[in-house]
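# Structural characterization, general
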Amino acid sequence: MCGIVGYVGEKQAAPILLEGLSKLEYRGYDSAGIAVFGTDGITVSKARGRLSVLSEKTEDGKAVPGVMGIGHTRWATHGKPSDVNSHPHISSSGRFAVVHNGIIENYISLKKKLQAKGVEFVSETDTEVIAHLFEYYYNGDMIETMIKVIHRIEGSYALGVLCADNPEEFIAVRKSSPMIVGLGEGENFIASDVTAILKHTRTIHYLEDDEIVVLSKDCVKVYNIDKEEIKKDVFTVNWDVSAAEKGGYEHFMMKEIEEQPKALRDTISPRIKDGKVVLDQFSMSDDDLKKLKKIHIVACGSAYHVGVVGKYVIEKLCRIPVEVEVASEFRYHDPIIDADTLTIVISQSGETADTLAALKEAKQRGSRILSIVNVVGSAIANASDDVIYTWAGPEIAVATTKAYSTQMAVIYLIALYFADKLDRIEKTEYNKILSEIESLPDKVSEILSQKEDVQYFASQFYNSKSIFFIGRNLDYAVALEGSLKLKEISYIHSEAYAAGELKHGTISLIEEGTLVVSLATGTELYEKTISNVKEVKARGAVVLGITTTEHEHTEDVCDHVVKVPATHPVLLPSLAVIPLQLFGYYVASLKGCDIDKPRNLAKSVTVE
Ligand code: F6R
């Protein structure tokens with residue numbers, strides 16, 4: 001959600017800002033704007049709609065002179081998408097231009113106070129108060145003014161601020177909203193994430209909450225809230241520029257689906273040494289692990305679906321009770337958590353506001369936090385006791401695929417590691433699962449090599465009004481993900497049900513020709529799911545069965561069957577999800593949907 005880019009250097013700023021913003025489009029937005037410091041002071045250009053509208057308005061930025069500026073893509077929260085509500089916002093005198101990600105929770109009371117002092121507001125946004133507060137508190141010192149402003153505002157923010165009195169430097173800060181600083185030669189940057197500046201530099205600072213950064217072309221200085229300069233570590237980003245490019249694919253989503261074997265290999269291989277799972281990043285002692293009474297898994301959306309898999313797998317292998325919950329609910333029901341509880345937090349972006357808030361709640365109640373995160377140095381990673389990174393590389397398509405798959409691989413590694421430490425698993429079983437984990441990348445490749453089969457099936461059903469996904473146990477967990485993948489990118493109504501639950505109400509929705517995708521990969525519950533398939537077929541459903549090569553007779557009951565290779569039962573979700581990702585993709589593609597940027601959605605959901 002929302003993206004920020006800032007630049008100061010010797011080159012023309014506007015084209016760099018627009019190009020940087022284009023790399024942040026995937027985060028989700030509905031309007032865009034830039035403010036550039038030129039010979040006539042600060043020029044603001046903004047426009048509702050896609051970035052291309054702003055690019056056209058500014059001749060790809062060439063019409064806006066100046067070598068320092070800030071840019072923003074807005075995902076509307078306070079006030080509809082419109083030119084006037086777009087960022088940057090300027091103070092009444094025009095001295096300050098502000099871009100903001102996040103939400104100012106006390107903006108109404110601040111707005112009233114400023115209005116009482118005669119300040120006129122032009123937009124409906126919460127951000128505009130920040131521009132006016134800068135004007136109100138300005139004493140000629142930008143750092144002191146920033147400190148005063150952040151003492152007054154409550155909520156989450158990443159801010160970039162230009163001041164017309166200062167043609168050579170600009171200032172930025174963040175709290176609970178991401179921002180990194182890019183260090184170049186004779187040029188420096190701020191950005192919501194590295195993809196925006198990867199073309200220019202890989203050398204970065206991660207900013208902590210309430211760290212203030214002042215950037216000029218040759219210098220970057222970071223201060224704390226007491227105006228003391230602080231020394232920041234410098235990180236080098238090892239992502240390849242091409243990782244954030246489409247590389248010949250029509251959509252990032254298909255590229256990322258195809259990247260899954262590599263992403264899985266990169267995530268799994270470094271954690272297996274001499275026939276053992278090695279979790280260097282997990283510092284909990286074996287004694288503390290043995291004292292664990294319960295595990296909570298909290299996450300949102302697809303990451304939550306990984307948690308559902310995690311519950312089945314960890315309980316099965318480790319015999320520890322696991323509760324899995326969507327993060328937006330978790331913190332509001334007084335969860336029962338103490339020091340003998342481990343909370344596993346799962347997030348691709350490491351920024352999701354609900355997940356971060358749940359993490360803080362669990363931590364405050366004494367739980368240790370282990371997070372599974374894709375973005376290094378993100379807020380969730382920083383707030384955790386231990387982090388196991390998924391090495392999926394940048395995920396640009398809004399609908400997650402490779403991050404989901406790598407999160408699941410990490411869950412398997414954690415389950416196996418815990419089961420071993422707790423002496424709950426036989427050596428032969430341990431070895432069997434480990435060797436199957438290692439072969440997942442090849443098996444995923446094998447499924448991908450037959451993707452035309454799924455494409456053909458999608459071509460028969462892309463006009464469906466409603467599609468149901470059913471499965472039991474782990475197959476149910478995968479059904480949840482298959483249904484979400486389909487509906488979020490194709491806009492076809494879809495629901496996932498535990499196969500045995502359908503007859504308790506939902507089966508009344510099945511009619512002649514309704515498509516039901518049935519997952520029956522495991523052997524233990526295979527026959528039971530097949531009985532449920534027969535129930536829906538008897539009511540006219542057309543059934544796509546997802547099963548493994550071990551089940552030879554699925555064709556006798558289902559209308560169409562996609563088979564994935566056999567593996568250890570707990571690992572089946574990693575394989576079963578691949579045809580479902582492909583199905584969602586092909587259906588959306590045939591319907592002509594905007595696959596990488598589905599309507600109303602954002603990649604990083606930084607509001608609650
Ligand atoms: C669905 C999807 C979302 C995310 C969810 C959590 O395809 O991508 O449901 O899984 O918004 O995001 P992260 O993992 O960044 O916390």
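How each quantity is defined
Residues numbered from 1 in each chain as written. Predicted model: local features only at pLDDT ≥ 70, side-chain atom pairs only at ≥ 80, totals over all residues. Heavy atoms only, no water. Pairing = 2+ DSSP bridges. Helix = DSSP H or I, 4+ residues; strand = E, 2+ residues; numbered from the N terminus. Axes fitted to C-alpha atoms, helices over the stretch in contact; angles between N-to-C directions. Parallel < 35°, antiparallel > 145°, perpendicular 65-115°, else oblique. Left-handed = near helix turned anticlockwise from the far one by under 90°. Contact = heavy atoms within 4.5 Å. Nonpolar A, V, L, I, M, F, W, Y, C, P; charged D, E, K, R; others polar. Phe/Tyr/Trp six-rings, centres within 6.5 Å; stacked < 30°, edge-to-face > 60°. Buried < 20%, exposed > 50% of the residue type's maximum accessible area, 1.4 Å probe, protein only. Lys NZ or Arg CZ within 6 Å of the ring centre and 35° of its normal. Salt bridge = Lys/Arg side-chain N within 4 Å of Asp/Glu carboxyl O.

What follows covers the pairing of strand S13 (residues 220–223). Within a regular strand, side chains alternate between the sheet's two faces. The pairing of strand S12 (residues 211–215) with S13 spans four bridges and is antiparallel. Looking across to S13, one finds that Val214 is bridged to Lys221. Relative to strand S14 (residues 229–230), S13 runs antiparallel, the two sharing two bridges. Following the sheet pairing, Tyr223 is matched in S14 by Glu229.

Here we come to the packing of helix H14 (residues 427–448) against helix H19 (residues 572–590). At a minimum axis distance of 10 Å, the contact between H14 and H19 shows a crossing angle of 30°. Judged on the interaxial angle alone, H19 and H14 are roughly parallel. Crossing of H14 over H19 shows right-handed handedness. Here Leu440, Lys443, Val444, Ile447 and Leu448 of H14 come into contact with H19, specifically with Ser574, Leu575, Ile578, Pro579 and Leu582. Per-class residue counts for the contact of H14 with H19 are eight nonpolar, one polar and one charged.

Before going further, it helps to spend a moment on the packing of aromatic side chains. Pairs of aromatic rings are described using the distance from one ring centre to the other and the angle between the two planes. One pass over the structure, following the stated rule, counts 12 aromatic pairs. Both rings, one in Phe96 and one in Tyr138, keep their centres 5.1 Å apart while their planes meet at 80°; by these two values the pair is edge-to-face. Taken together, the residues span a long stretch of sequence, with Phe96 in strand S6 (residues 96–104) and Tyr138 in the loop between helix H4 (128–137) and helix H5 (142–152) at a distance of 42 residues. Since its relative accessible area comes to 0%, Phe96 is described here as buried. Tyr138 sits in the buried class, given a relative accessible area of 19%. With a centroid separation of 5.0 Å and 65° between ring planes, the pair formed by Tyr206 and Phe235 is classed as edge-to-face. Of this pair, Tyr206 sits in strand S11 (residues 203–206) while Phe235 sits in strand S15 (residues 235–236); the two residues are 29 residues apart in sequence, bridging distant segments of the chain. What makes Phe235 partly exposed here is its relative accessible area of 36%. Aromatic ring contacts, followed pair by pair, group Phe96, Phe134 and Tyr138 into a single cluster. Over the ring of Tyr430 we find Lys276; its NZ or CZ atom is 5.0 Å from the centre of that ring.

Before going further, it helps to spend a moment on the pattern of salt bridges. Pairs may arise between side chains of opposite charge once their charged atoms sit close together. This model, assessed by the stated rule, comprises 35 salt bridges. In this structure, the salt-bridge partner of Asp280 is Lys273, at a minimum N-O distance of 3.7 Å. Assessed through its relative accessible area of 58%, Asp280 is described here as exposed. Its relative accessible area of 40% is what places Lys273 among the partly exposed residues. One salt-bridge network, held together by shared partners, links Glu10, Lys217 and Asp218.

So, on to the sheet that holds strand S27 (residues 560–564). Pairing between the strands of a sheet comes from backbone hydrogen bonds, and it takes one of two forms, parallel or antiparallel. If you trace the five strands from one edge of the open sheet to the other, you get S24-S23-S25-S26-S27, paired in parallel fashion. Looking at strand neighbours, the two that pair on one side only are strand S24 (493–498) and S27, the edges of this open sheet. The mean angle between the axes of side-by-side strands here comes to 20°, regardless of whether they run parallel or antiparallel. Relative to strand S26 (residues 542–548), strand S25 (residues 515–519) is paired through five bridges, and the arrangement is parallel. By the bridge assignment, Val517 is partnered in S26 with Leu544. Helix H16 (residues 474–490) rests against strand S23 (466–471), S24 and S25 of the sheet, and its axis sits at about 175° to S24.

Glancing now at the sheet that holds strand S8 (residues 170–175). If you walk across this open sheet you meet the seven strands as S5-S6-S7-S8-S12-S13-S14, and the pairing is antiparallel. In the strand order of this sheet, the two ends are held by strand S5 (89–90) and S14, each with one partner. Here five bridges tie S8 to S12, and the two strands are oriented antiparallel to one another. Residue pairing in the sheet places Val173 in a bridge with Ile212 of S12.

Let's shift gears to the packing of helix H9 (residues 301–318) against helix H13 (residues 402–421). Where H9 contacts H13, the axes come no closer than 9 Å and their chain directions differ by 20°. If you check the angle between H9 and H13, you find them roughly parallel. Our pair here, H9 against H13, has a crossing hand that is right-handed. Seen from H9, the contacting residues are Ser302, Ala303, His305, Val306, Val309, Gly310, Val313, Ile314, Leu317 and Cys318; seen from H13, they are Tyr404, Gln407, Met408, Ile411, Tyr412, Ala415, Leu416, Phe418 and Ala419.

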